[in-house]
Amino acid sequence: MPDSASRRKYRFDDEEPVFARRQQRRSLPAEDFYDPIDGLPEGDRWSTWDLPAAGDRGPEPYPRWLVTELAAVDTELGVLKTGKEADVYLVRRGVPPSGPSCLLAAKRYRDAGHRMFHRDSAYREGRRVRQSRDNRAMAKGTAVGRQMIADQWARAEFAALCQLHQAGVPVPYPVQLLGTEVMQEFIGEADGTAAPRLAETRPDPAELVRLWRQLVRSLTTLAGLGLAHGDLSAYNLLVHRGRLVMIDLPQVVDVIAHPRGAEFLDRDAANVARWFTARGLTADLLNATPPGHPDPGEPGRPDGGAGRADPVPGQGAEVPAPEDLGYYLLREARLA
Ligand SMILES: Nc1ncnc2c1ncn2[C@@H]1O[C@H](COP(=O)(O)OP(=O)(O)OP(=O)(O)O)[C@@H](O)[C@H]1O
Ligand SMILES: [Mg+2]
């Protein structure tokens, strides 16, 4: 029996004694042993949960909704969005035929030659790799250099998601990093409808204030860590059931180390402040709206930060008005 077939069997045949399985594993694997689509219908692949190195999986404890069974299959359900540098796919990871399943968003950075890294040079000032040969390859834009850049962006985004998730900032849970693919929690409905971007929403005044308070709290945490999003706008914030989730984080900027750190922080603040101001947020509206409800959490998600009612920075009387956000964050980052 070819090993690829026996791999399939391990996953489904509970009757097989452990001893027999060990015996088989000792033989050399067939060439297609790691073929992720072996034996599956077109468009499916075995769950890749077992492939990333230990550090390239999301922080523990793993959320309860995440399917970690190796017998799971990843089914690509379609493209959520194609972007300039990456495409985001909707993936269902589930144990066939009717075991547990969850929806994931797979953000795949494009391979060499298929994208324009408009953000590269400015952000790279703050992120040098050790080998100068690698730096030269990336600067020259050779195929190898571009591939390395794609890997780096994916790695940078995964690391930022992990750090911010750990710090309690509402970001998609980072499931795994595999080469140029960042697999993350899908923010949206169970039927696969993605949460709208903030830019696509028309919140009423009370909702506007609630969203602003959440945003200030997230940005305060980032600034406290010495970080700026680096490309923040109403397009990189999703609104899911009243909860504001920050996405698209490969270019997170270390505002202390980066020579133009303060500039990035200021620009992020100005971008989002402009959107909220245009929607009618003013200092008066903020003052007139008492911080009533705790932030919405995510039902059934233990990591969702549900119902956090304790006083936290960015929530309460001292929430800055849109025009004061830049200075407020510079102070939080100790840059002003
Ligand atoms: N975790 C997620 N859950 C649901 N939808 C997502 C998720 N991540 C990304 N998306 C959708 O895909 C879009 C693109 O994602 P993202 O902004 O991370 O990639 P991008 O390549 O930088 O795109 P752009 O160039 O448009 O900024 C988002 O605007 C959002 O609509
Ligand atoms: Mg984006």
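Residues numbered from 1 in each chain as written. Chains lettered and ligands numbered in written order. Predicted model: local features only at pLDDT ≥ 70, side-chain atom pairs only at ≥ 80, totals over all residues. Heavy atoms only, no water.

1. Digging into the environment of Gly226
In step 1: Assignment of secondary structure puts Gly226 in the loop between helix 6 (205–224) and strand 7 (227–228).
In step 2: Contact partners of Gly226, with chain neighbours within four places excluded, come to Val253, Asp254, Val255 and Ile256. (Helix = DSSP H or I, 4+ residues; strand = E, 2+ residues; numbered from the N terminus. Contact = heavy atoms within 4.5 Å.)

2. Things to note about the coordination of the magnesium ion (ligand 2)
In step 1: Protein ligation of the magnesium ion (ligand 2) involves Asn236 (OD1) and Asp248 (OD), the donor distances falling in the range 2.2 to 2.3 Å. In this pair, Asn236 sits in the loop between strand 7 and strand 8 (237–240) while Asp248 sits in the loop between strand 9 (243–246) and strand 10 (253–254), placing the two residues 12 residues apart along the sequence. For the pair shown, Asn236 and Asp248 are each scored as buried. (Donors = N, O, S within 2.8 Å, 3.2 Å for Na, K, Ca; no water. Buried < 20%, exposed > 50% of the residue type's maximum accessible area, 1.4 Å probe, protein only.)

3. Considering the layout of surface pockets
In step 1: Space inside the largest pocket adds up to approximately 760 Å³.
In step 2: Considering the residues around the largest pocket, the lining is formed by 33 residues, among which Lys81, Val88, Arg197, Asn236 and Ile247 are closest to the centre.
In step 3: Of all the secondary-structure elements, those providing two or more residues to the lining of the largest pocket are strand 2 (73–82), strand 3 (86–94), strand 4 (101–109) and strand 6 (181–185).
In step 4: Its residues assigned to classes, the lining of the largest pocket shows 15 nonpolar, 6 polar and 12 charged.
In step 5: When residues are assigned to domains, the lining of the largest pocket turns out to be shared by domain 1 (43–193) and domain 2 (195–336), each giving three or more. (1 Å grid on protein atoms, 1.4 Å probe; cavity = no way out; pocket = protein on both sides within 12 Å on 5 of 7 lines; lining within 4 Å. Points joined across faces, edges and corners; volume = space filled by probe spheres on them. Nonpolar A, V, L, I, M, F, W, Y, C, P; charged D, E, K, R; others polar. Domains from an automatic or database assignment.)

4. Looking at the site of ligand 1
In step 1: Around ligand 1, a shell composed of 19 residues is seen, among which Lys81, Lys107, Glu185, Ile187 and Asp248 lie nearest.
In step 2: Interatomic distance of 3.5 Å between a side-chain N/O atom of Lys84 and an oxygen atom of ligand 1.
In step 3: Between ligand 1 and the protein, one listed contact pairs a nitrogen atom with a backbone N or O atom of Ile187 at 2.9 Å.
In step 4: Coverage of ligand 1 by the protein amounts to 92% of the 610 Å² it exposes when considered alone.
In step 5: Judged by the proximity of its atoms to the pocket grid, ligand 1 belongs to the largest pocket.
In step 6: Partitioned by chemical class, the residues of the shell around ligand 1 number 9 nonpolar, 3 polar and 7 charged. (Near = heavy atom within 4 Å. Polar contact = N/O pair within 3.5 Å; in protein donor to acceptor, adjacent residues only side chain to side chain. Areas by Shrake-Rupley, 256 points an atom, 1.4 Å probe, with all protein chains shown as cover. Sits in = over half its atoms within 2 Å of the grid points.)

5. Let's talk about unusual backbone geometry
In step 1: Residue Pro61 is reached from Glu60 by a cis peptide bond, and omega for that bond is 0 degrees.
In step 2: The omega torsion of the bond from Pro96 to Pro97 falls at 0 degrees, within 30 degrees of zero and hence cis.
In step 3: For Pro97, the position within the fold is in the loop between strand 3 and strand 4.
In step 4: The residue Arg241 is not glycine, and still its phi comes out positive at about 50 degrees.

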